[in-house]
Amino acid sequence: MEDKYEEIIREVLDEIDSSLKDIKGLKAHQRRLAFSLSLGCVNLIEKYLVKKNVLKSGAKINHLWFKKKLENVKKLISNQIVCPVENISNFNNLLKIVCEIEKERNELAYGKIVSEDFLRKQINLFFDLKKEIEK
């Protein structure tokens, strides 16, 4: 199961890498980045929960949940795990990062083009999440 997460995360990292190297700039990749970062976040969270041995068998995390208030996100995730959310170390921090990325997803995917700096900020948030999860 963990291989599935690694494969998807590698794909997300490839998209980030190619967008950072593209001479046309990050803006040319805005929509793909929006989808990739969202997908990457959900997979990192699921991978983290699997690593902690708390994700129920067959359970899935939905990216749409992260558009809600943090307390509602926790309630939804608590249905997918075998222990109280509060028992998972550093989970609040991780959820806050994902919520920050996810709240901009639809605007990035379907809205107007944003600045390179804003896209870079989203990418950096993703890397912060990845770093925290891989500690």
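Nothing here was measured: the structure is a model prediction, and the numbers come from that model. (Residues numbered from 1 in each chain as written. Predicted model: local features only at pLDDT ≥ 70, side-chain atom pairs only at ≥ 80, totals over all residues. Heavy atoms only, no water.)

Another aspect to go through is the overall build of the chain. On a plain count of helices and strands, the chain comes out with six helices and zero strands. Counted from the first residue to the last, the chain has its helices and strands arranged as α-α-α-α-α-α. When its C-alpha atoms are laid out on the principal axes, the chain stretches across 45 × 30 × 25 Å. Sequence separation of 24 or more characterises 71% of the internal contacts of the chain that already satisfy a separation of 6 or more. By element, 50% of the accessible surface of the chain is carried by carbon and sulfur atoms, the whole surface being about 7,500 Å². Taken together, the 26 basic and 21 acidic charged side chains of the chain have centroids lying 4 Å from each other. (Helix = DSSP H or I, 4+ residues; strand = E, 2+ residues; numbered from the N terminus. Contact = heavy atoms within 4.5 Å. Areas by Shrake-Rupley, 256 points an atom, 1.4 Å probe, with all protein chains shown as cover. Lys, Arg positive; Asp, Glu negative; His and termini not counted. Charge placed at Lys NZ, Arg CZ, Asp CG, Glu CD.)

Right, let's get into a negative patch on the surface. A cluster of acidic residues, Asp3, Glu7, Glu11 and Asp14, forms a negative patch on the protein surface. Note on placement: Glu11 falls in helix 1 (residues 2–21). (Patch = residues over 30% accessible without salt bridge, like charges linked within 9 Å, V, L, I, M, F, W, Y side chains within 5 Å. Salt bridge = Lys/Arg side-chain N within 4 Å of Asp/Glu carboxyl O.)

Take the environment of Lys75 next. Mapped onto the elements of the fold, Lys75 is located in helix 3 (residues 70–78). The class for Lys75 is exposed, based on a relative accessible area of 55%. Taking the C-alpha atoms as reference points, Lys75 and Val85, ten residues apart in sequence, are found 8.2 Å from one another. (Buried < 20%, exposed > 50% of the residue type's maximum accessible area, 1.4 Å probe, protein only.)

This next bit is on the packing of helix 2 (residues 30–51) against helix 4 (residues 91–102). Axis separation between helix 2 and helix 4 bottoms out at 9 Å; the angle between their running directions is 165 degrees. In terms of their interaxial angle, helix 2 and helix 4 are classed as roughly antiparallel. Of the two elements, helix 2 crosses helix 4, and the hand of that crossing is left-handed. Of helix 4, the residues touching helix 2 (which contributes Leu37, Ser38, Cys41, Ile45, Tyr48 and Leu49) are Phe91, Leu94, Val98, Ile101 and Glu102. Here the residues of the contact of helix 2 with helix 4 are counted per class, giving nine nonpolar, one polar and one charged. (Axes fitted to C-alpha atoms, helices over the stretch in contact; angles between N-to-C directions. Parallel < 35°, antiparallel > 145°, perpendicular 65-115°, else oblique. Left-handed = near helix turned anticlockwise from the far one by under 90°. Nonpolar A, V, L, I, M, F, W, Y, C, P; charged D, E, K, R; others polar.)

Evaluation of the coordinates by the stated rule reveals ten salt bridges. With a shortest N-O distance of 2.2 Å, Lys47 and Glu6 are connected by a salt bridge. Of this pair, Lys47 sits in helix 2 while Glu6 sits in helix 1, and the two are 41 residues apart along the sequence. Among the residues examined, Lys47 registers a relative accessible area of 9% and is labelled buried. Owing to a relative accessible area of 28%, Glu6 belongs among the partly exposed residues under this scheme. A salt bridge links Glu100 to Lys103; its shortest N-O distance comes to 3.6 Å. Judged by relative accessible area, Lys103 falls into the partly exposed class, the value being 48%. Through salt bridges with shared partners, a single ionic network connects Lys4, Glu46 and Lys60.

Put simply, the chain has an average pLDDT of 95, and 99% of its residues get 70 or more. Ranking the helices and strands of the chain by mean pLDDT puts helix 6 (residues 116–133) first, with 97, and helix 1 last, with 93. (pLDDT = per-residue confidence, 0-100.)

Inspection of the secondary structure puts Lys74 in helix 3. As a buried residue without a salt bridge, Lys74 has its nearest oppositely charged side chain in Glu86, at a separation of 5.2 Å. Residues contacting Lys74, with those up to four places away along its chain left out, are Val85, Asn92 and Leu95.

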